[in-house]
Structures are given as structure tokens and as C-alpha cells.
Amino acid sequence: MRIAFFELEGWEKGPINARLGRGNQITCISGPLNDGNIAQVRDAEVLGLFIYSRLDAKRLAKLPKLKMVATFSTGFDHIDVAECTRRGIAVANVPTYGSHTVAEHTMALMLSLAKKIILCAERTRAGDFSIEGLRTFDLADKNLGMIGFGRIGSQAARMARALSMKVWVYDPYADDNLLDLLRCQRARTLDELLAKADVVTLHAPLTPQTEHIINKATISKMKKGVIIINTARGGLIDTQALVEGLDSGHVGGAGLDVLEEETAIKEERQLAAPEFAASVNMKTLVANHRLLNKHMNVIITPHNAFNSHEALRRILDTSMDNIEAYVRGKTANAVNGKELAGKKRKARAKKKNKR
Ligand code: NAI
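Residues numbered from 1 in each chain as written. Predicted model: local features only at pLDDT ≥ 70, side-chain atom pairs only at ≥ 80, totals over all residues. Heavy atoms only, no water.

**Brief notes about the domain arrangement of the chain**
As a reminder of what qualifies: The split of the chain into domains comes from an automatic or database domain assignment. Contact definition: two residues touch when any of their heavy atoms are within 4.5 Å. Put simply, buried area is how much 1.4 Å-probe accessible surface two parts lose in total, over both of them, once they are put together. We count a salt bridge whenever a side-chain nitrogen from Lys or Arg sits within 4 Å of a carboxyl oxygen from Asp or Glu. We define a polar contact as two N or O atoms separated by no more than 3.5 Å, with the added condition that, inside protein, one atom must be a possible hydrogen donor and the other a possible acceptor, whereas residues neighbouring each other in sequence contribute only through side-chain atom pairs. Amino acids are sorted into nonpolar (Ala, Val, Leu, Ile, Met, Phe, Trp, Tyr, Cys and Pro), charged (Asp, Glu, Lys and Arg) and polar (every other residue, Gly among them).
Looking at the assigned domains, one finds that the chain contains domain 1 (2-96 + 310-354) and domain 2 (99-305). For domain 1 versus domain 2, the separation of C-alpha centres amounts to 34 Å. In this complex, domain 1 contributes four residues to the contact, which on the side of domain 2 involves four residues. Here domain 1 and domain 2 share an interface that buries about 290 Å² over both sides, 38% of which is from carbon and sulfur atoms. Connecting domain 1 to domain 2 are zero salt bridges. Linking domain 1 with domain 2 are one residue pair in polar contact (both at pLDDT 80 or more). Of the residues assigned to the side of domain 1 that touches domain 2, the class counts are two nonpolar, one polar and one charged.

**Details of the side chain of asparagine 143**
Put simply, the test is: A helix here means a DSSP run of H or I that spans at least four residues, while a strand means a run of E at least two residues long, and both kinds are numbered starting from the N terminus.
On the secondary structure map, asparagine 143 appears in strand β6 (residues 143-147). Among the polar contacts made by the side chain of asparagine 143, one reaches the side chain of tryptophan 168 at a distance of 3.2 Å. Every residue in contact with asparagine 143, bar those within four places of it in the chain, is listed here: Lys166, Trp168, Lys196, Ala197, Asp198, Val199 and Lys223.

**Things to note about the pattern of salt bridges**
This is how it is decided: Relative accessibility thresholds used throughout: buried, under 20% of the residue-type maximum; exposed, over 50%; partly exposed, between the two (1.4 Å probe, protein chains only).
This structure, assessed with the given rule, holds 15 salt bridges. Among the ionic pairs, aspartate 35 bridges to arginine 59, the shortest N-O distance being 2.9 Å. With aspartate 35 in the loop between β2 (25-29) and β3 (46-49) and arginine 59 in helix α2 (residues 57-60), this residue pair connects regions lying 24 residues apart in the sequence. We note a salt bridge from arginine 313 to aspartate 317, for which the minimum N-O separation is 3.1 Å. Of the two residues, arginine 313 and aspartate 317 both sit in helix α14 (residues 309-327), four residues apart, roughly one turn of that helix. According to the relative accessible area criterion, arginine 313 is partly exposed, its value standing at 36%. Overall, aspartate 317 belongs to the partly exposed group, its relative accessible area being 26%. What you see here is one network of salt bridges that share partners, running through Arg19, Asp321 and Glu324.

**Regarding the sheet that holds β6**
How we decide: At least two DSSP bridges between two strands are needed for those strands to be called paired. Simply put, an axis is a line fit to the C-alpha atoms, just over the touching stretch for a helix, and the angle between two N-to-C directions goes from 0 to 180 degrees.
One open sheet accounts for seven strands, arranged β8-β7-β6-β9-β10-β11-β12; its pairing is parallel. Two strands lie at the open edges of the sheet, namely β8 (185-186) and β12 (298-300), each paired on one side alone. Here five bridges tie β6 to strand β7 (residues 166-170), and the two strands are oriented parallel to one another. Looking at β7, one finds that methionine 146 is bridged to valine 169. This element, helix α10 (residues 239-248), spans β10 (226-230), β11 (251-256) and β12 of the sheet and lies at about 135° to β11.

Structure below.
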């Protein structure tokens, strides 16, 4: 098979060639798929790519032999899956690659804030070993309010329990057995959780129901001095409301791996372009800058929670599993598996009726 990969890092080429090189023709392109390089992979039957390779209907039309796409990510909104299904192309993702990786980052942010690690390290780096203004607080016996108790949330809960924290969970679909096993409590309402929590941590997906779940009204229901941690998606927090909460001192600190409009922060050079300015919320960008520059009790990491050596190796291994399964005539982690099977069933029935 002709298999083309985009957005690979150098270290990934060895394992790919070792596992898929035999009997297949492999092409590796280091950047993302774009209109300039798509002709180079015109005959590809399988594509391996990451989230910066947009695969829309227009591009799919330029890949007439394509039969399978393996995205090296959990999310697949960069791929027009409906159009892939229409064309009979299987799309496979990496449903999970180590929830503990993101849970560990969550703990790192929470511990860094509680123990003032960044302030301490900055001071000693400047040769100052005084401890004035560096008093910390204990996490043991404090209430951790968790919104979302899925793969990552439950791992974070396990770790927080090991720190002797009391964990309160707000998640309509939380597994009762797992809650019992980890000795976590279910909050009956979001308000109950917000009123109890010394630290609020977010582990829910971004949906219309969860967008800005942390806003002016919900922040006002939290304890004074609350710490807010977000390693899920930036859109869960109304950034302006968070900045106001920090300005007034109602919010005691924030640890954020994700921000609203975070792509815009990464691509600030584009800000001068009028079409770009129209596509982002400038107010949010300004609020992000206040978070980044003004508050010493805010720690921001650049959407790095997933970026461990081990997680990346697992992403590569699962993506190769997905491709290998396809090459052997099977499917693994196909996000449109049901739709494709339905399509095949219909085609078979149509053929039978004709006979
Ligand atoms: P998951 O699907 O296993 O768990 C999400 C949980 O949120 C589910 O239990 C669900 O019932 C719950 N939930 C949904 N709507 C809710 C609501 N309205 N209120 C309360 N709970 C609600 O997802 P997983 O793998 O634990 O991921 C959680 C988040 O972490 C996702 O947003 C994901 O995109 C993000 N993430 C961030 C990474 C990073 O590098 N910062 C890396 C990987 C994931």
C-alpha cells in the first residue's frame, strides 16, 4: 500500500519504517498537509496525519485512491468525516493515550500553586533565599471540586486522594462504582460543588453545555481564595470573568494548560491580518494577556499536558496499530466504522435486489 505521513517528528520515522516499511511504500512529509504538497501524495491509499493537516471535501477530492486516514490524535474535527464516509474512507483516531499524563500535569499545576513553586524558584535563582511572602497552604484535607470524572478526571481524583484531599465530583455520568472505589463524593448540583471546593479542577469536554461553565455567576458561588485548574479546554472558562475574579481577589490563583483563543496567542504574527482579527475575540485575547503578565498567582502552560515522551510513543503505537489493522483488512478505532458498515450493508442489499 502507498502510505503517506504528515507532521512527523524525526524520531517517529524509525519505528514507522520498522513496522510498516515491509511491503508498503512509505512517504514522509515533515509539515502538515496543504494545498501545495497534496499533489505529492495523490496516489496515497492511507494517510497518517496530525491536527494541523486539514482534510476537507476539496482536498479529499484530490486524493482519489484514499481508503483510510489515521489521525495521530483523539480529536478529529480537522477531518471532514461525513465526506470520508461518503467516499468509503475509514477514519481512525487514538481514543486514549494515557489519561494519567494529563492528570499528572493537573497535579503539577495544583501543587505548584499551593506550594508557590514558581515564586520560590524565581527568588532563589536571583540569589535571594528569604521566605517572606512565600507562605503556602496544605492540600491534605482540602476539598477538590472536580467537574468531569471521565478518564482524566478519575485519574486526577486517584492522585488527589493520595494527597489526602477530599474529592467532590460533578458529572452526571460519573461511574458510581468508581466513585466508591476512590472514595470520592458525588455533588448533587454544580452549586453544591462550587460552594465546597477549595480547588476547582475541570475535566469535561467543551460542549454547548460546558462552554463558560466557569463564569461570573459560578465564580461568585465559589469560596473566596479558590484555586481554579483547567487542563481540559480553554472555552470552559469565561476568561474575562476569571480575570475579574483574580483582580478582586475572590479567586486565589489559577493553573491553566488551555486558554480561550490559545491558537491566536501562538500565532500573534497573524494579528495584523484583517481576516484574522475578525475571526478571534479580541477582548478574550486582551484578557489572556492580563492573565499572562499581571497575576503572579497564575501559572499558564502552553497546552503541554499531553506532551510526555511516553504519551507520544503510545500515540504513535496506536496509530500504527490502526494502520496495520486496516492493511490486514480489519478495522481498529474507526470513528466512522458504524456508518461505513451500514453503507456496505446497503450496497450489498442493493446488489442482491438487482439479481
Ligand atoms: P472523558 O470523555 O473520558 O471524560 C469527560 C467527562 O466529562 C465524562 O465523564 C462526561 O460525563 C463529563 N461531562 C460531560 N459533560 C459534562 C457536564 N456538563 N458537566 C460535568 N461533567 C460533564 O474525557 P477525558 O479523556 O477525561 O478528557 C477530558 C478533557 O481533557 C477533554 O476536554 C479533553 O479534550 C481534554 N484533554 C486535554 C489535554 C491537554 O493536553 N491539555 C489532552 C487530552 C485531553
